[in-house]
Amino acid sequence: MNGDRREVGDALDADGPGRSDSSTWALFRDWCVATEQSALPADPSLLARFLDAHPAGVSTQRRRVAVIDRVHRRCGLAEPGHTVTVRLALNDRRREKAASVRAAAAAIIEQVPVDGWPSGLFGRRDAMILTLLASGMTPTEITVMRRGDIAVDSDDLVISGDHRIPGNLFGDRPGHRPVQIYRRWAQVQSILDRAATTRMVADTLDPNRAPTARTCQTTDSVPAAHASEPLLVRIDRWGHTPWGPDPLTRTSATVLAQAHLTRQPPTHRDRTATPGAGRDTAAAPALHDDCFLDSNYYAHGTAARRRAHERLSDMGSRLDEINDRIESLLYRLADIENALDPERAEHGVKDVRRNRATGQFHGGGHPR
């Protein structure tokens, strides 16, 4: 205990604090002792409860958080004040805005589509956006979230280990509790993890299929290989997501949420993901193939495509480098011709300059 006090004292003295800083830490430490909690390190939810137990003005509460954060920082520990939970406790305006978003989202959350292609795909993602914003998070905070940042704890969602989203966030709406909303979006991501094909996702979202056929075996734990991927990703109008998961931008998240909350959601015409669906194929001859694929052929194929995507990611810069080398060689040839025949070389230089402007060279290449 004495060692901890000396460490805390050194942490406070490092920035030359006044007596109020020491008294603030003493107040927090004594409250933790009385409630049988750890003051160092302190859990963000514990800090939020401390602030609730000791009401004060906003400036006083912020100073308290700053002192407690400084002690943790000087001791090499994570600062509990840099979390959504504590920021909500310190910001009345943010809490009021979250309550407003929550009330508006509760009125329309049941209208957000969860089935159909691609409307169900967009709907599942957008419902996740509304849920996170209604819990008090900002567009910036939700667009930097990773899949490993969210966990299920009974009926609640827990973000980054401290921000808890209760099961009754939207009131009593069966089928639209936060955990269910998250699991529906996680189901889509789980399918894309195994086989990045829109047809499989479309089959899962098909409302005409039997419920058992649409059930996907998913767990609440995210595979380690995908834990660092963005939770919310961009989707093009055909329902495709980028090979390399591309996070949704703050502006896009804001625009999408505002559209839903004002009852003007973006419309997505349902499409058919199966090639040839709706056409008469009765006359088509049956094809027999002696090639048998194992059950993991989707995974093998998509893994190969991902590897190819990574290896060819710098192909544009490589082609530019080749063009630069071709251009350099052509100028060197022009210099040689100039030494041999000045009049002929002048025409060669003009050709090089013209080809350089159009991006066309005798050695192949591509326009820039």
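In case you missed it, the structure is sitting above this.
Scope of this entry: the structure provided in the associated data block. (Residues numbered from 1 in each chain as written. Predicted model: local features only at pLDDT ≥ 70, side-chain atom pairs only at ≥ 80, totals over all residues. Heavy atoms only, no water.)

Topic: the overall build of the chain
Helix and strand content of the chain: 15 helices and three strands. Taking all 368 residues of the chain together, 36% fall into the buried category. With the model as given, the accessible surface of the chain reaches about 21,900 Å², and the carbon-plus-sulfur share is 50%. (Helix = DSSP H or I, 4+ residues; strand = E, 2+ residues; numbered from the N terminus. Buried < 20%, exposed > 50% of the residue type's maximum accessible area, 1.4 Å probe, protein only. Areas by Shrake-Rupley, 256 points an atom, 1.4 Å probe, with all protein chains shown as cover.)

What to know about the pattern of salt bridges
In total, this model carries 14 salt bridges according to the counting rule given. Across the salt bridge formed by Asp193 and Arg147, the nearest N and O atoms sit 2.7 Å from each other. Remark: Arg147 occurs in the loop between helix H8 (139-143) and strand E1 (150-153) and Asp193 occurs in helix H9 (residues 178-194); sequence separation between them is 46 residues. Classification of Arg147 as buried rests on a relative accessible area of 5%. (Salt bridge = Lys/Arg side-chain N within 4 Å of Asp/Glu carboxyl O.)

Notes on the environment of Gly175
Here Gly175 shows up in the loop between strand E3 (163-165) and H9. Residues Gly175 and Glu110, spaced 65 residues apart in sequence, show a C-alpha to C-alpha distance of 8.5 Å. When residues no more than four places from it in sequence are discounted, the contact partners of Gly175 are Gln180 and Arg184. (Contact = heavy atoms within 4.5 Å.)

Considerations on the environment of Thr204
Along the polypeptide, Thr204 turns up in helix H10 (residues 198-205). For Thr204, a relative accessible area of 12% translates into the label buried. Measuring from C-alpha to C-alpha, the distance between Thr204 and Ile191 comes to 9.0 Å, with 13 residues separating the pair along the chain.

Examining the packing of aromatic side chains
Centre distance and the angle of the planes are the two values used to describe a pair of aromatic rings. By the definition in use, this model includes three aromatic pairs. Geometrically, the ring pair formed by Phe28 and Phe50 is edge-to-face, given 5.0 Å between the ring centres and 80° between the ring planes. Taken as a pair, Phe28 in helix H2 (residues 19-34) and Phe50 in helix H3 (residues 44-53) lie far apart in primary sequence, 22 residues in all. Feature note: the residues Trp25, Phe28, Trp31 and Phe50 constitute an aromatic cluster, connected by ring pairs. (Phe/Tyr/Trp six-rings, centres within 6.5 Å; stacked < 30°, edge-to-face > 60°.)

Description of helix H7 (residues 119-134)
Between its terminal C-alpha atoms H7 stretches 22 Å, which fits the 22 Å expected from 16 residues at 1.5 Å a residue. By the criterion of burial, H7 is predominantly enclosed, with 16 of the 16 residues buried. Note on H7: the residue one or two positions beyond its end, Gly136, has a positive phi of about 110°. (Expected span 1.5 Å × (residues − 1).)

Observations concerning the packing of H9 against H10
Interaxial distance between H9 and H10 falls to 9 Å at its minimum, and their mutual angle equals 150°. Relative to H10, the element H9 lies roughly antiparallel. Between H9 and H10 lies a crossing of right-handed hand. Contacts from Gln187, Val188, Ile191 and Leu192 in H9 reach Met200, Val201 and Thr204 in H10. Grouping the constituent residues of the contact of H9 with H10 by class yields five nonpolar, two polar and no charged. (Axes fitted to C-alpha atoms, helices over the stretch in contact; angles between N-to-C directions. Parallel < 35°, antiparallel > 145°, perpendicular 65-115°, else oblique. Left-handed = near helix turned anticlockwise from the far one by under 90°. Nonpolar A, V, L, I, M, F, W, Y, C, P; charged D, E, K, R; others polar.)

Describing unusual backbone geometry
Cis geometry is adopted by the peptide bond preceding Pro41, which originates at Leu40 and carries an omega value of 0°. As for its placement among the helices and strands, Pro41 is situated in the loop between H2 and H3. Here the amide bond leading from Trp117 into Pro118 is cis, since omega sits at 0°, within 30 degrees of zero. Among the secondary structure elements, Pro118 is positioned in the loop between helix H6 (92-108) and H7. If you check the backbone angles, Glu36 has positive phi at about 60° while not being a glycine. In this structure, Glu36 sits in the loop between H2 and H3. In the Ramachandran plot, Arg263 falls in the positive-phi region, its phi being about 60° despite a non-glycine side chain.

Some points on H9
With 17 residues, H9 should cover 24 Å at 1.5 Å per step; its first-to-last C-alpha distance of 25 Å lies within 8% of that length. A large share of H9 lies buried, amounting to 13 of its 17 residues.

Here's the deal with the side chain of His163
As for its position among the elements, His163 is in strand E3. Within polar-contact distance, the side chain of His163 engages the side chain of Ser135 at 3.1 Å. If near-sequence neighbours (up to four positions away) are discounted, His163 is found in contact with Val84, Thr85, Leu88, Ser135, Met137, Leu157 and Val158. (Polar contact = N/O pair within 3.5 Å; in protein donor to acceptor, adjacent residues only side chain to side chain.)

Considering the packing of H7 against H9
The contact between H7 and H9 brings their axes to 9 Å, and the two run at 140°. When the axes of H7 and H9 are compared, the pair comes out oblique. Seen along the crossing, H7 lies across H9 with a hand that is left-handed. Where H7 abuts H9, its residues Leu121, Arg124, Arg125, Ala127, Met128 and Thr131 lie against Pro178, Ile181, Tyr182, Arg184, Trp185, Gln187 and Val188.

Here we look at a nonpolar patch on the surface
Where nonpolar side chains cluster on the molecular surface, the patch consists of Leu312, Met315, Leu319 and Ile322 and spans about 320 Å² of accessible area. Take Leu312: it is sitting in the loop between helix H13 (297-311) and helix H14 (315-340). (Patch = residues over 30% accessible without salt bridge, like charges linked within 9 Å, V, L, I, M, F, W, Y side chains within 5 Å.)

Concerning the sheet that holds strand E2 (residues 156-159)
Taken in spatial order, the three strands line up as E1-E2-E3 in an open sheet, and their pairing is antiparallel. Looking at strand neighbours, the two that pair on one side only are E1 and E3, the edges of this open sheet. Strand-to-strand twist in this sheet, taken as the mean axis angle between neighbours without regard to direction, amounts to 30°. Across three bridges, the pairing between E2 and E3 is antiparallel. When the bridges of E3 are listed, Ile159 appears paired with His163. (Pairing = 2+ DSSP bridges.)

The values are spatial; any link to function lies outside them.
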